[in-house]
Each structure stands twice: as C-alpha cells, then as structure tokens.
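# Notes for the structure review
As a plain string of letters, each chain reads:
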Amino acid sequence: MRKEEKALIVIFGGTGDLAQRKLYPSLFNLYKRGFLKDNFAVIGTARRPWSDDYYREIIINAVGDAEDINGQATDFASHFYYQSHNVNDTEHYATLKQLADKLDDKYQIGGNRVFYLAMSPSFFGTIAAHLKSQNLKTTTGYNRVIVEKPFGHDYESAMVLNEEIAQAFPEEEVYRIDHYLGKEMVQNIPAIRFGNNIFNALWNNRYISNIQVTLSESLGVEERGGYYDTAGALRDMIQNHTLQIVSLLTMSAPVSFTDTDIRNAKINALKSLRVYKPEEVAQNFVRGQYGPGSDKPGYRQEDMVDADSMTETFVAGKLEVNTMDMAGVPIYVRTGKRMREKATRVDVVFKQVPNNVFGEGDNTLRHDVLHIMIDPEPKLSLQLNSKTIGHSYEYDTNSLNLNYSVPAEQRANIPEAYEKLILDVLQGKASNFASSKELEYSWKFIDSVRQAWDKNIDDMIFPNYSCGSMGPKAADALLEKDGNHWEF
Ligand code: NAP
C-alpha cells in the first residue's frame, strides 16, 4: 500500500510552459499511483487573471486527459486553485497566505508546504524573502522549496542566489532541480558501480583508460534563442547536467546510501576537479558553433540570436578528477546542438590486458567498454573480446546487453524524471538534488573555462561545425592527442 503524501504545493509560474508541460502531468501521475490522494492541494500563481475554473480546464488539458472518461482528471483538478499574484507585490503574499491556510485546513494537510519556483531565477530571491517575511512558511509541518535551473550564470551570481534563498530556507529545505538526476540510467550509475564487485573493483585508474560523457542534441536552439545566446552550451549543459553525471561516475563509494553521504561523496569528486589555468584551457577545451545545413538555419540565423554571435553551441573538454582512484583517468565530456543525433550516454573505456597472449595480427584485441545509454533508449552494454564460434581461434568483440526499454504500452508505468524528483521532494529525499557545495565547485570550474575563453574570443572563427556532425574536428583531436577516440 502506497503512503499518501500530504502537501500543499504552491507553484510560482503556474501559467508557464514548465508547469503545463512537466509539472501538472507529473503531479497527475503521482495522483494516479496513489502518492497524492485526498490530503493535497495545489495553488498556481502568476500574474494572469485566471479563475479557478479556467485553471482547472488548463490542468485537465495539460494532463492529456481531456475526455476524462472515469472522471479522474476532474477529481485531480478539483484540488487546484489559482491565485493571481505579482511576485514583487508584498500585499499579494497576504492573500496567498490566507488561501494557503484555508486549503491546509480544508484538506487536512498538517502544515506541509512545497514552494515550486518555476520562474525566472531573477525572482527567486524576492519570492524566498516574501515567503519568510509574510509567514507563508508553517511551523506545524515541513517547508521545502524547489528551484529551477539556471542556478546563477557564474560562481558569484550562484553564491548570491544561494545566500538569498538561505535567508529564508536552510540548506536542508532547498531542492535544486536537475532533471537529469531523475533519469533512470543516471540513477543507475551508483547501482552499477557500488552494487557489483566486478565494477567496484575495476573502477579506478589501474583499470580504466578513460571515461566519455556525451549529451548530444539534434535540435537547434528552437524558441530559446534569446536565453541561449546569453548562456551558451558551457553554462546550459556542462555546469549542471554534465558535471552532475561526472560526479556520479567519479565519486568514491559513499559510506551509506543516505542523502548526506551521497552528497558528501559527490562534493568531494567536484572539489577534486582540476581547475585549469587560463593557458591550459585551450589545450583541454574545444568550443564550437553550428553553421547552416541544407534545410536548417545556422545558429546565427536563428530567431533572437545575434547575427555576429560568438556564443558556443558545442563544448568538448577533458577533465581531471584528482582523487586517489581517478587521478590520471581523462574524463572527456561533450555536448552540442544540431549534432548527428540526440543521445545521452557514458562510455567507460577499460585498459587493455597488459600482455596480448594471442599475438599481434589483423585481429587485435579491443578495449572493453561499458556503455551506459541514458537517452533515448535506456540500456547497459558491456563490449568484450571473445572467441568466434568455430574451429579457428579468431576473436571478436561482442556485447552483453541489458535493455531497460519497455514496450510502448507499458511506458506509462515508468515514472518520468520530473515525477520521480517531485516525489523525492514530497518524501524529503535530497540525494538527487544538487547541494550548495556542489554548485560552488562546479561553478568555480566552469568560470575558469569561461574566463579564459572570453579573453580569447577574437581567436575564434565561428561557425566551425556543420549541422548533423559530431562537432568541430578539434573535438576529435582532443582525444587523439592522448591516443584515444570517441566511442560514439
Ligand atoms: P515561462 O513559460 O516563461 O513561465 C514564466 C512564468 O512566470 C509564467 O507563469 C509567468 O506568468 C510567470 N511570471 C513572470 N513574471 C511574473 C511576475 N512578476 N509575477 C508572477 N508571475 C510571473 O517559463 P518556463 O519555461 O515555464 O520556465 C520557468 C523556469 O523553469 C525557468 O527558470 C526556466 O529556466 C526553467 N526551466 C524550464 C524548462 C522548460 O521546459 N520550460 C526546462 C528546464 C528549466 P504570467 O505571465 O501570467 O505572470
């Protein structure tokens, strides 16, 4: 029997894209699975003057159940209330508090509150301050705040944001969302590493040659050109998702699988990232920008993008995590837009056997490689050398495959990243959220690259990769100079 979570969820940005595309469907799934039942209510707030009835129509449409044959979506939507509210206006928080207290009574919620800040981060500080000063936080239940990315645009702004939120919410109440941490195969990384002695024993610089992390997208910037042109791939994809995956791949075993121990292990991994001197950045990082394809615009031709933009849409880098186990293992990361295909994957390349007893020939032994496919199809694949069937002693590479894909008709049973992360918040589980220390170390690393790049912006010639490719040639050369190559 599932335990029902009692909570009042206040969504700032309740009319926005994220709320409609991700948050409402995720909450509906939690409702259908019984995690949310009778004792919950949601207040959506934004400036638009919507009525409760109109808001509930939006909710029913958003959860993709407009026909609502069994009335489930209507029941679910009846827990939703709309409050027109400008977050800069102090008086509106008093109205919000009245509604929150009334709903707390009506649904017997017991004072548990989740505040979801699904708005531009420029508002986070003011919302947090008002929630505290206007007594929206309760003393009878828990108070938790979920903040969306981007969390700052550099170390300093991230620390200011941290500080502003910390004035109202202590660290244990803050859940910084990174939806990659809700993905099934990302969550599987610690299970694979620490649940199997074969990998536990081999996961170090004695046996691993290099690790590759790729987050490639086939789309361009679409309608996000305005934001993207001020951010770039380094901030948009490397600082958060990529470094979070790197921390899971390189952290030492946590003492136990608790929030504090997992976070400490990740913090130590990120703290051990070698921060490059400006002159080292050029040797270890490559940036790119896509040009036009036969039927696709180049980055500079996209809507809301500067015609001379020097913003990078591609990054490849070589990272060093200087812990006792991982020092000397190059961690290559790569992300970009308009690449050959959409994929998120990790390739762990193991060192070859120290002596090839089969002798050299055409048929040389290959590296063993563990492929952790995160998107689009979750899959684990271990590439091994083995003998081919028959009289002769030929060997070839073959793979052991573990497929996590489920048939289309069962997909609804697999929780999506946002759904899992929202449930984590309701249950007070913080390990799949970035802590302030993780942010601190990841931003320090990113700033060192950004600052070196900004100084040498005139040396760059953009665009430098074509639509549908795997990025600029220099990204291949980055590995070739170490005697390595991209597995994907
Ligand atoms: P959006 O569609 O532009 O929504 C912004 C929301 O803020 C709207 O509900 C808007 O409603 C409200 N708002 C703006 N100014 C306000 C004010 N002064 N007072 C009260 N409400 C105000 O943005 P979004 O795409 O949902 O993104 C929200 C956050 O999530 C951003 O931080 C974004 O980076 C992050 N995020 C979004 C996605 C995604 O897929 N969309 C993915 C990852 C992260 P009114 O105009 O009615 O006031």
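Residues numbered from 1 in each chain as written. Predicted model: local features only at pLDDT ≥ 70, side-chain atom pairs only at ≥ 80, totals over all residues. Heavy atoms only, no water.

### Some points on the sheet that holds strand β3 (residues 80-84)
Formally: Here, any two strands with at least 2 DSSP bridges between them count as paired. Every helix listed is a DSSP run of H or I at least four residues long, and every strand listed is a run of E at least two residues long, numbered separately from the N terminus. Between the N-to-C directions of two axes lies an angle of 0 to 180 degrees, each axis being a line fitted to C-alpha atoms and, for a helix, fitted only over the stretch in contact.
Ordered by their spatial adjacency, 6 strands build an open sheet running β3-β2-β1-β4-β5-β6, and the pairing between neighbours is parallel. Strands with a single pairing partner mark the edges of an open sheet, and in this sheet they are β3 and β6 (174-176). In this sheet, adjacent strand axes meet at a mean angle of 20 degrees when their direction is disregarded. Summarising the sheet, strand β5 (residues 143-147) and β6 pair through 3 bridges and their orientation is parallel. Bridging across to β6, Val 147 finds its partner in Arg 176.

### Here's the deal with the nonpolar core
Selection criterion: Throughout, nonpolar core names a set of buried Ala, Val, Leu, Ile, Met, Phe, Trp, Tyr and Cys residues whose side chains join them through atoms within 4.5 Å. Think of it in three bands: residues with accessible area under 20% of the maximum for their type are buried, residues over 50% are exposed, and the middle band is partly exposed, with areas taken using a 1.4 Å probe on protein chains only. Residues count as neighbours in contact if any of their non-hydrogen atoms are within 4.5 Å of one another.
Ranked by size, the top nonpolar core spans 101 residues in total, and within it Phe 12, Ile 211, Ile 245, Phe 285 and Leu 370 carry the most contacts. The element that contributes the greatest number of residues to this core is helix α9 (residues 225-250), accounting for 10 residues. With residues up to four places along the chain from it excluded, the contact list for Phe 12 reads Thr 45, His 85, Val 87, Tyr 93, Leu 96, Phe 115, Tyr 116, Leu 117, Ala 118, Met 119, Ile 127 and Leu 131.

### Details of the packing of aromatic side chains
Basically, it comes down to this: Each pair of aromatic rings taken from Phe, Tyr and Trp, with Trp reduced to its six-membered ring, is defined by centres within 6.5 Å and is described as stacked if the planes are under 30 degrees apart, edge-to-face if over 60, and tilted in the remaining cases. Both a distance and an angle decide whether a charge sits over a ring: NZ of Lys or CZ of Arg must be within 6 Å of the ring centre and within 35 degrees of the ring normal.
Counted by the stated rule, this structure contains 28 aromatic pairs. With centroids separated by 5.9 Å and ring planes inclined at 55 degrees, the aromatic side chains of Tyr 31 and Phe 40 adopt a geometry described as tilted. In this structure, Tyr 31 and Phe 40 share a single accessibility class: buried. Pairwise contacts between aromatic rings join Tyr 24, Phe 28, Tyr 31, Phe 40, Trp 50, Tyr 54, Tyr 55, Phe 76, Phe 80 and Tyr 82 into one cluster. The ring of Tyr 81 has Arg 56 sitting right over it, with the charged end atom 4.8 Å from the ring centre. Between the NZ or CZ atom of Arg 144 and the centre of the ring of Tyr 142, over which it lies, the distance is 3.4 Å.

### Some points on helix α10 (residues 259-271)
Selection rule: In a helix, the anticipated span is given by 1.5 Å times the number of residues less one.
Helix length check: α10 (13 residues) gives 18 Å between terminal C-alpha atoms against 18 Å at 1.5 Å per residue, within 8%. Looking at α10, one finds that the buried residues are Asp 261, Ile 262, Arg 263, Ala 265, Lys 266, Ile 267, Ala 269 and Leu 270. Buried-residue contacts for α10 involve β6, α9 and α13 (436-455).

### Quick notes on the site of the ligand
This is how the line gets drawn: The cutoff for a nearby residue is simple: one of its non-hydrogen atoms must lie within 4 Å of the molecule or strand. N or O atoms within 3.5 Å of each other form a polar contact, as long as, within protein, one can give a hydrogen and the other can take it, and as long as residues adjacent in sequence are counted only when both atoms are side-chain atoms. What sets the accessible areas is the Shrake-Rupley method with a 1.4 Å probe; for residues, cover comes only from the shown protein chains. In the scheme used here, Gly and all other residues not listed as nonpolar or charged are polar, with Ala, Val, Leu, Ile, Met, Phe, Trp, Tyr, Cys and Pro taken as nonpolar and Asp, Glu, Lys and Arg as charged.
Taken together, 21 residues lie near the ligand, and Thr 15, Asp 17, Arg 21, Arg 47 and Arg 48 sit nearest. Side-chain polar atom of Arg 47 to an oxygen atom of the ligand: 2.7 Å apart, as the coordinates give it. With the chains in place, 76% of the 890 Å² that the ligand exposes on its own is no longer accessible. In terms of residue count, the dominant contributor to the shell around the ligand is helix α1 (residues 17-32) (3 residues). Of the residues belonging to the shell around the ligand, the class tally is 9 nonpolar, 6 polar and 6 charged.

### Description of the sheet that holds strand β13 (residues 379-387)
Hydrogen bonds along the backbone pair up the strands of a sheet, which may run parallel or antiparallel. Spatially, the 8 strands line up as an open sheet ordered β8-β9-β10-β7-β11-β12-β13-β14, and their pairing is mixed. Among the strands making up the open sheet, the edge pair consists of β8 (285-288) and β14 (395-403). Taken pair by pair, the neighbouring strands of this sheet meet at an average axis angle of 15 degrees, ignoring direction. Pairing analysis gives 4 bridges linking β8 to strand β9 (residues 314-319), with the strands arranged antiparallel. By the bridge assignment for β9, Phe 285 is matched with Gly 317. Across the sheet, α9 lies against β7 (208-216), β8, β9, β10 (331-336), β11 (343-350) and β12 (369-375), angled at about 140 degrees from β7, the strand it touches most. Sheet strands in contact with α13 are β8 and β9, and its direction is about 65 degrees off that of β8.

### A look at the environment of Ile 208
With respect to the helices and strands, the residue Ile 208 is situated in strand β7. In this structure the C-alpha to C-alpha distance between Ile 208 and Phe 433, which are 225 residues apart in sequence, comes to 28 Å. Sequence-distant contacts of Ile 208, that is, excluding residues within four places in its chain, are made with Leu 202, Trp 203, Val 329, Val 348, Val 349, Phe 350 and Lys 351.

### With respect to the UniProt feature "binding site: substrate" (unreviewed entry) in the protein
As a reminder, the rule being used: UniProt positions are given in the numbering used here, feature names are shortened, and annotations may be inferred rather than shown by experiment.
The UniProt record annotates "binding site: substrate" (unreviewed entry) at His 179, Lys 183, Glu 217, Asp 236, Lys 337 and Lys 342. Excluding its chain neighbours within four sequence positions, the residues that come into contact with Glu 217 are Met 237, Gly 336, Lys 337, Arg 338, Met 339, Glu 341 and Lys 342. Among the polar contacts listed, one links the side chain of Glu 217 to the side chain of Lys 337, at a separation of 2.9 Å. Asp 236 has contacts with Lys 149, Arg 224, Tyr 227, Tyr 228 and His 241, leaving out every residue within four places of it along the chain.

### Side note on unusual backbone geometry
Lys 149 connects to Pro 150 through a cis peptide bond whose omega is 0 degrees. If you trace the backbone, Pro 150 turns up in the loop between β5 and α6 (155-166). A cis geometry characterises the amide bond from Phe 462 onward to Pro 463, with omega recorded as -5 degrees. Tracing the backbone shows Pro 463 in the loop between α13 and α14 (473-480). Although it is not a glycine, Met 304 sits at a positive phi angle of roughly 65 degrees. Positionally, Met 304 belongs in the loop between β8 and β9. We classify Met 304 as exposed; its relative accessible area is 67%. In this model, Arg 338 sits at a positive phi of 55 degrees, which is unusual for a non-glycine residue. Topologically, Arg 338 is positioned in the loop between β10 and β11. According to the relative accessible area criterion, Arg 338 is buried, its value standing at 7%.

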